[in-house]
Amino acid sequence: MTKFILAIDQGTTSSRAILFDRAGLIHGAAQQEFRQFFPQPGWVEHDANDIWQSQRAVIDEVLRTNKVAPTDIAAIGITNQRETTVLWDRATGEPVAPAIVWQDRRSTPCCEALRAAGHEVLFQQKTGLVLDAYFSGPKLKWLLDNVPGARARADKGELAFGTVDSWLIFKMSGKHLTDPSNAARTLMFNIHTGQWDDELLALLDIPAGLLPAIVPSSGIAAHTDASLFGVALPIAGIAGDQQAATFGQACHSPGMAKNTYGTGCFMLMHTGQAATISQNKLISTIGWTLPGQTANRTDYLLEGSVFMAGAAIQWLRDGLGIIAHADQVEELALAVPDNGGVLFVPAFAGLGAPHWDAYARGTMVGMTRGTNKSHIARATLESIALQSADVLEAMQADAAMPLTQLRVDGGCARNNLLMQFQADILGVPVVRPVVTETTALGAAFLAGLAVGFWASQEEIAAQWQMERRFDPAMAADERVQRMGEWRRAVERSRAWSQ
Ligand SMILES: Nc1ncnc2c1ncn2[C@@H]1O[C@H](COP(=O)(O)OP(=O)(O)O)[C@@H](O)[C@H]1O
Ligand SMILES: O=P(O)(O)OC[C@H](O)CO
């Protein structure tokens, strides 16, 4: 009897492979960082071969170090950094250009031109997204327009486009596939019909022949080439990393939400089986598609991304040098009873949801002669929670669903002071699970459901276990006053570099 699901978690800076047992607990994990390229200001690239080779290496390592045979694995689940765009030669399997990473801004002029031509509402209605360089379609157009010979070769059917899930599946199985949660991040995919959209493809000037076939997020999509593991293993789960984390946090029904506190913050709320198009500058996205008894069932999410969260803690470490390790920020902040009136808006790269102000810049206000580094540490931690509170407020205005608890994960979620302040400022309990590798767990769950390793979504949800709950302790009037102060600080940061 097989014992494990192998989750492949291909992130922006590292590739991970994690083995999960039937209890949904981690049996073993391996991780490897890979190279980042910044060839011009605003450009971020990966070598797609590095992505595959680092992923291959950690898969081998996790099997070897845990003495797990491929025959012990019931299925593989894949989750990945989203939007990052790979273009490769179908015949040789070699990339024709560096992969353009989600953070890369080079396709901004393409988005501005589409906006100027009046297409913004069409894109938002069909894709749930804002017309922004973040997403894959404009990145793919840039590659076709700028890599010598690429457009002609694409027209002849020689090339294939994919997000990172597609690329890894191609490398493992030779199949050209993606799932709706990844396709929904491209500005080329209609989230209501679940199909690539010809009208949007025409506006972006992208030939449909480049695109992968769409398969459900949970279901046997392909088998690995026998040469990889000696046996053909089913690839049975596929989802973008934030959607996978939402699934792994068992946010399976409307109104449930999770927030991942990593470099940035990604808050996603389940909104049911029809898309809610945001009126408050959030993104609507597909969470996952599960096979149903008669038809596939698609679950939709609202998403808000905050650009600077853990990155602001890294700035305390690397920019100011007031801590040596991220873990020290809690102790430093606890050396003072409060922020001493200091507010910090870490808009180093502008503000993301719900402000979307590319010209906002980092701003610290309220300092006096008594301000010290502990106040700054405290204000930095508070800024992570306050930015998340802005996103949640927009979400609740869109979805009109009261939140009963916020499930949390990611590197900064280890910080108890931050989690308590998050509960206080939201007025909602914050709940941290035992397994915080929720991204990989979500991919494992999707794969395990497809092959009967787990019987049902209910069985999975029952495996979710709380490690700690933070109950709100702040008085309502103080909360209102603190949010008011925060709004004034955000106003001061806005449009600064314009
Ligand atoms: N104890 C802590 N308190 C606050 N932030 C922390 C702590 N430990 C780590 N971090 C932050 O967590 C981030 C890393 O989290 P992770 O989930 O691995 O992010 P990513 O997947 O985006 O690389 C770093 O930016 C780091 O500054
Ligand atoms: O790789 P991460 O964890 O930084 O996630 C990246 C997101 O998927 C980008 O949308």
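It should be emphasised that the depicted structure is a prediction, and the values quoted were computed from it without experimental measurement.

Chemist: Explain the UniProt feature "binding site: sn-glycerol 3-phosphate" (unreviewed entry) in the chain to me, please; I cannot follow it from the model alone.
Modeler: The UniProt entry lists Thr12, Arg82, Glu83, Tyr134 and Asp241 under the feature "binding site: sn-glycerol 3-phosphate" (unreviewed entry), expressed in the numbering used here. Structurally, Thr12 is set in the loop between β1 (4–10) and β2 (14–20). Assessed through its relative accessible area of 17%, Thr12 is described here as buried. Ignoring any residue separated from it by four or fewer positions in sequence, one finds Thr12 in contact with Phe34, Gln36, His46, Gln81, Val101, Trp102 and Gln103.

Chemist: Honestly, the nonpolar core in this entry has me stumped. Any pointers?
Modeler: If you look at the biggest cluster of nonpolar residues, it comprises 61 residues, and the most contacted ones within it are Met188 and Leu210. Sorting elements by how many residues they give to this core places helix α15 (residues 438–450) first, with 7 residues. Counting 54 residues, the second largest nonpolar core, distinct from the first, contains Ile376, Met401, Val428 and Phe470.

Chemist: Hey, could you run me through the environment of Thr436 in this one?
Modeler: Following the sequence through the fold, Thr436 ends up in the loop between β22 (430–433) and α15. In this structure the C-alpha to C-alpha distance between Thr436 and Ile313, which are 123 residues apart in sequence, comes to 19 Å.

Chemist: Honestly, the sheet that holds strand β23 (residues 466–470) in this entry has me stumped. Any pointers?
Modeler: Strands pair in a sheet through their backbones, by hydrogen bonds, and they do so in one of two ways: parallel or antiparallel. The strand order β17-β18-β16-β15-β21-β22-β23 describes an open sheet built from 7 strands, whose pairing is mixed. The sheet terminates laterally at β17 (283–290) and β23, the two strands that pair on one side only. Recorded for the sheet is a direction-independent mean angle of 30 degrees between the axes of neighbouring strands. Two strands pair when backbone bridges link them, and β22 and β23 are joined in this way by 4 bridges, in the antiparallel orientation. Bridge assignment links Pro433 to a residue of β23, and that residue is Met466. Along the sheet, helix α13 (residues 373–399) makes contact with β15 (257–261), β16 (265–272) and β18 (297–306), crossing β16 at roughly 20 degrees.

Chemist: Would you mind showing me how to read the UniProt feature "domain: Carbohydrate kinase FGGY N-terminal" (unreviewed entry) in the chain here?
Modeler: UniProt tags residues 5–248 as "domain: Carbohydrate kinase FGGY N-terminal" (unreviewed entry). In the segment residues 5–248, helix accounts for 35% and strand for 25%; the C-alpha atoms at its two ends are 14 Å apart.

Chemist: What should I look at first to understand the site of ligand 1 in this one?
Modeler: As a structural note, the neighbourhood of ligand 1 is formed by 14 residues, with Thr263, Gly310, Gly411, Arg414 and Asn415 the closest of them. At 2.6 Å, a side-chain N or O of Thr263 approaches an oxygen atom of ligand 1. Contact between ligand 1 and Asn415: a nitrogen atom at 3.0 Å from a side-chain N or O atom of the residue. Contact with the protein chains removes 74% of the 580 Å² of surface that ligand 1 exposes when unbound. If you tally residues by element for the shell around ligand 1, the top one is helix α11 (residues 310–318), at 4 residues.

Chemist: Explanation requested: α11 in the structure shown.
Modeler: Spacing of three or four residues puts side chains on the same side of an α-helix, whose turn is 3.6 residues. Here α11 has its buried residues at Gly310, Ala311, Ala312, Ile313 and Leu316. Those residues of α11 that are buried are in contact with α12 (329–334) and α13.

Chemist: Hey, could you run me through unusual backbone geometry in this one?
Modeler: Across residues other than glycine, the phi torsion is negative in most instances, and most of the peptide bonds are trans. Omega for the bond connecting Ala353 with Pro354 falls within 30 degrees of zero, at -5 degrees, which places this linkage in the cis form. As for its placement among the helices and strands, Pro354 is situated in the loop between β19 (343–345) and β20 (363–365). Phi at Leu187 takes a positive value of approximately 65 degrees, unusual for a residue other than glycine. With respect to the helices, strands and loops of the structure, Leu187 is situated in the loop between α7 (180–183) and β10 (189–190). By relative accessible area, Leu187 is classed as buried at 1%. With a phi angle near 60 degrees, Asp205 is a residue other than glycine that sits in the positive phi range. If you trace the backbone, Asp205 turns up in the loop between α8 (198–204) and β12 (213–214).

Chemist: How do you make sense of helix α6 (residues 164–173) when you look at a structure like this?
Modeler: The buried count for α6 comes to 9 of 10 residues, which makes it a mostly enclosed element. The set of residues buried in α6 consists of Val164, Asp165, Ser166, Trp167, Leu168, Ile169, Phe170, Met172 and Ser173. Gly174 occupies a position one or two residues after α6 and carries a positive phi of about 80 degrees.

Chemist: Just to check I follow, could you spell out the sheet that holds β1 for this structure?
Modeler: Overall, mixed pairing links the 6 strands, which are arranged β3-β2-β1-β5-β14-β13 in an open sheet. Bordering the open sheet on either side are β3 (26–33) and β13 (218–223), each of which pairs with just one other strand. Direction aside, the axes of adjacent strands within the sheet are offset by 25 degrees on average. As paired strands, β2 and β3 are joined by 7 bridges and run antiparallel to one another. Within β3, the position partnered with Ala17 by the bridge is Ala30. Against the sheet, helix α1 (residues 48–65) touches β1, β2, β3 and β5 (73–80), its axis set at about 30 degrees to β2.

Chemist: I would appreciate a short explanation of the pattern of salt bridges in the present structure.
Modeler: A side chain of one charge can pair with a side chain of the opposite charge if their charged atoms are brought near each other. Under the defined criterion, the tally for this structure stands at 32 salt bridges. A salt bridge links Arg82 to Asp241, with the nearest nitrogen and oxygen atoms 3.5 Å apart. Residue Arg82 is found in the loop between β5 and β6 (86–89), and its partner Asp241 is found in helix α10 (residues 241–248); the two are separated by 159 residues along the sequence.

Chemist: How should I be thinking about the packing of aromatic side chains in this particular structure?
Modeler: The description of an aromatic ring pair rests on the distance of the ring centres and on the angle between the ring planes. All told, the structure shown has 14 aromatic pairs when counted by the stated rule. Each ring, one from Phe247 and one from Trp288, has its centre 4.9 Å from the other, and the planes form 70 degrees; the classification is edge-to-face. Here the residue Phe247 occupies a position in helix α10, and Trp288 occupies one in strand β17, the gap between them amounting to 41 residues. Residue classification places Phe247 among the buried positions, given a relative accessible area of 0%. Relative accessible area serves as the criterion here: at 0%, Trp288 is assigned to the buried category. Residues Phe453 and Trp454 carry aromatic rings whose centres are separated by 4.9 Å and whose planes lie at 90 degrees to one another, so their mutual orientation is edge-to-face. Considered together, Phe453 and Trp454 belong to a single accessibility category, that of buried residues. Joined through ring pairs, the aromatic side chains of Trp102, Tyr134, Phe135 and Phe266 make up one cluster. When the ring centre of Trp142 is taken as reference, the NZ or CZ atom of Arg106 above it lies at 4.5 Å. Against the face of Trp464 rests Arg407, its NZ or CZ located 3.6 Å from the ring centre.

About the criteria used
Residues numbered from 1 in each chain as written. Chains lettered and ligands numbered in written order. Predicted model: local features only at pLDDT ≥ 70, side-chain atom pairs only at ≥ 80, totals over all residues. Heavy atoms only, no water. UniProt positions renumbered as here; feature names shortened; annotations may be inferred. Helix = DSSP H or I, 4+ residues; strand = E, 2+ residues; numbered from the N terminus. Buried < 20%, exposed > 50% of the residue type's maximum accessible area, 1.4 Å probe, protein only. Contact = heavy atoms within 4.5 Å. Core = buried A, V, L, I, M, F, W, Y, C linked by side-chain atoms within 4.5 Å. Pairing = 2+ DSSP bridges. Axes fitted to C-alpha atoms, helices over the stretch in contact; angles between N-to-C directions. Near = heavy atom within 4 Å. Polar contact = N/O pair within 3.5 Å; in protein donor to acceptor, adjacent residues only side chain to side chain. Areas by Shrake-Rupley, 256 points an atom, 1.4 Å probe, with all protein chains shown as cover. Salt bridge = Lys/Arg side-chain N within 4 Å of Asp/Glu carboxyl O. Phe/Tyr/Trp six-rings, centres within 6.5 Å; stacked < 30°, edge-to-face > 60°. Lys NZ or Arg CZ within 6 Å of the ring centre and 35° of its normal.

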